[in-house]
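# Structural features, examined
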Amino acid sequence: MNTTAVLNARQKNTSRVLWASNLLNEPLFTLYGFLGFILYKDLGASAWVIALMTTLKPVVTILSFYWAAGKKRLKSNAMWAGVFMRVPFLLCPWVDDVWFVVAAAVNYMFWYRAGVPAWLEILKRNIKRGRRERSFSLSSGLAYAEGVVLALGMGGLLDREPGLWKFLFFGAAIVGLFSVVLLSRIDVEEEVEEKEVISWKERVVRPWRDSLRLMRERPDFSLFQWGFMLCGFGVMLIQPALPLLAVDALGISYIEMAAAISVAKGLGFSFSSPLWGRMFERFSITQITSGVFLSFGLFPLLLALSPFGLGWLYAAYFWYGVAQGGCHLVWNMSGPLFAGKEDSSRYTGVNVVLAGLRGAVAPGLGSWLSMLWGPIQVLCIGGVLCFYSGFWLFRRKAVQTF
């Protein structure tokens, strides 16, 4: 078999694994979205506990940055991350303690983020640009459509049998582990990992030093990151306010929340994903990202109107899905796009660690402001930050056309 045939076969196999993995990972991802409400409604967790979980989930991505920076074997890196992030949920039928659930949620986010740089570099090496973005956006959209159906079914089951979430998490974790099996069948050219003896201080400092150097050397990438920092801060700021608004102000059930979070948001995501994917062929990533930020800005403003009617709640989450469809594609594909012929893991690693840094501040601040002023005011603040970042980036020259 000639080289071209080998590369084509590798591309097709990787594309199939990408599609299958998104579908297999969706059950656990859908349930993960219910965790804040399970903690608050079924386990009696306080708003402070929910805020702590919301804060720790992005904060631990800073530590996951070291896993990604220290491992050169792409496939084993992604596979072990896939296993570790699901293992605690296998214990849910026997453990339903509040702090165990919080720990499982934080662990999931740690390993999810830890495996992202390696997985995206595998996609970059095995799938050509253009097809890579289309496959990523379409498979993500299909997975979200799957999530719509799952959320309705799971929401109905949880309303009738609240304790059933323990067994649903167990089953979803088992299903997700099959994606690791599929990943093991991908062929990818691996770098030879050289054994390097360095001090612990150097291990701690080097990834940060390399990231700062990258930001200085690439002003286009730095511009992208600062815009993402501001919008991401606004999105994270409003997260602690969402359960308080849903339970206290709206008094909605699991099935109503499922209709908003997964049906409305899922339809928005699925509808917009192919459109965002095609936009990559016509616009720079800076222009597309600006559109994503402006779309996020509409979500909290529409949600602030939900006390006047649940129709606003569904409209808000539909538009959130539209924004998230673009954000999911931009955030994941930005590393491979900015990297060009370089290893994209460095670029994706910066994405991951900056998400952790803003997560160290924004959710806690959002929780405090929600208790001080109320969730509606926090939603408005988050919306203003998203709008500002979108207009700020729009005014900048499209510095990268790829």
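The coordinates are above.
So, a few notes on the structure that sits alongside this text. (Residues numbered from 1 in each chain as written. Predicted model: local features only at pLDDT ≥ 70, side-chain atom pairs only at ≥ 80, totals over all residues. Heavy atoms only, no water.)

## Overview of the packing of aromatic side chains
What counts here: Centres within 6.5 Å are what make two rings of Phe, Tyr or Trp a pair, Trp counting through its six-membered ring; a difference in plane orientation under 30 degrees is then read as stacked, over 60 as edge-to-face, and the rest as tilted. The secondary structure listing takes helices from DSSP runs of H or I that are at least 4 residues long and strands from runs of E that are at least 2 residues long, numbered from the N terminus. Here's how the labels work: a residue is buried when its accessible area is under 20% of the maximum for its type, exposed when over 50%, partly exposed in between, all with a 1.4 Å probe on protein chains only.
Overall, the coordinates contain 19 aromatic pairs when judged by the stated rule. Summarising the aromatic geometry, the rings of Phe84 and Trp111 are spaced 4.8 Å apart at their centres and angled 55° between planes, so their arrangement reads as tilted. Placement of the pair is Phe84 in helix 5 (residues 74–84) and Trp111 in helix 6 (residues 98–126), with a sequence separation of 27 residues. Under the relative-accessibility criterion, Trp111 is labelled buried at 14%. With centroids separated by 6.2 Å and ring planes inclined at 5°, the aromatic side chains of Tyr108 and Tyr112 adopt a geometry described as stacked.

## Looking at the packing of helix 5 against helix 8 (residues 165–183)
To be explicit about the condition: Only C-alpha atoms enter the line fits that serve as axes; for helices the fit covers just the stretch in contact. Angles between N-to-C directions range over 0 to 180 degrees. When describing relative orientation, an angle under 35 degrees is termed roughly parallel and one over 145 degrees roughly antiparallel, while 65 to 115 degrees is termed roughly perpendicular and anything else oblique. Note: crossing handedness is left-handed where the near helix turns anticlockwise from the far helix by less than a right angle, and right-handed where it turns clockwise. Here a residue-residue contact requires only that any non-hydrogen atoms of the pair lie within 4.5 Å.
Contact geometry of helix 5 with helix 8 gives a least axis separation of 9 Å together with a crossing angle of 165°. When the axes of helix 5 and helix 8 are compared, the pair comes out roughly antiparallel. As helix 5 runs across helix 8, the sense of the crossing is left-handed. Residue-level contacts link Lys75, Ala78, Met79, Gly82 and Val83 of helix 5 to Leu177, Val180 and Leu183 of helix 8.

## Here's the deal with the packing of helix 10 (residues 219–238) against helix 16 (residues 362–373)
Formally: Basically, the charged four are Asp, Glu, Lys and Arg, the nonpolar ten are Ala, Val, Leu, Ile, Met, Phe, Trp, Tyr, Cys and Pro, and anything else, Gly included, counts as polar.
Across the interface, helix 10 lies against helix 16 with an axial gap of 7 Å and an inter-helix angle of 45°. As the angle between them shows, helix 10 and helix 16 are arranged oblique. For the element pair helix 10 and helix 16, the recorded crossing hand is right-handed. Along the contact surface, helix 10 presents Phe233, Met236 and Leu237, while helix 16 presents Ala362, Pro363, Leu365, Gly366 and Leu369. Class assignment of the residues belonging to the contact of helix 10 with helix 16 gives a composition of 7 nonpolar, 1 polar and no charged.

## Let's talk about empty space enclosed by the protein
Threshold: A cavity here means a set of points on a 1 Å grid, drawn over the protein atoms and nothing else, where a 1.4 Å probe fits but cannot get out; a pocket is an open set with protein on both sides within 12 Å along at least five of seven lines, and a residue lines either one if it has an atom within 4 Å of a point. Grid points are joined across faces, edges and corners, and a volume is the space filled by probe spheres set on the points.
Within the structure shown, the criterion is met by 3 cavities of 30 Å³ or more. Volume-wise, the second largest cavity comes out at about 60 Å³. Contributing to the lining of the second largest cavity are Ala47, Ile50, Ala51, Pro240, Pro243, Leu244, Ser367, Ser370 and Met371. Elements supplying a minimum of two residues to the lining of the second largest cavity: helix 3 (47–59), helix 11 (241–250) and helix 16. In the lining of the second largest cavity, the residues fall into 7 nonpolar, 2 polar and no charged.

## Quick look at the pattern of salt bridges
Heads up, the condition is: What makes a salt bridge here is a side-chain nitrogen of Lys or Arg within 4 Å of a carboxyl oxygen of Asp or Glu, nothing more.
One pass over the full model with this rule turns up 2 salt bridges. Where Asp220 meets Arg218, a salt bridge forms, and the shortest distance between an N and an O atom there is 3.1 Å. Judged by relative accessible area, which is 8%, Asp220 ranks as buried. According to the relative accessible area criterion, Arg218 is buried, its value standing at 16%.

## Remarks on the state of the cysteines
As a reminder, the rule being used: The rule for a disulfide is simple: a pair of cysteine sulfur atoms within 2.5 Å.
For the coordinates displayed, the defined rule picks out 0 disulfides. Cys231 supplies the cysteine sulfur nearest to Cys386, a cysteine that is in no disulfide, at a spacing of 3.8 Å. Overall, the relative accessible area of 2% leaves Cys386 in the buried class.

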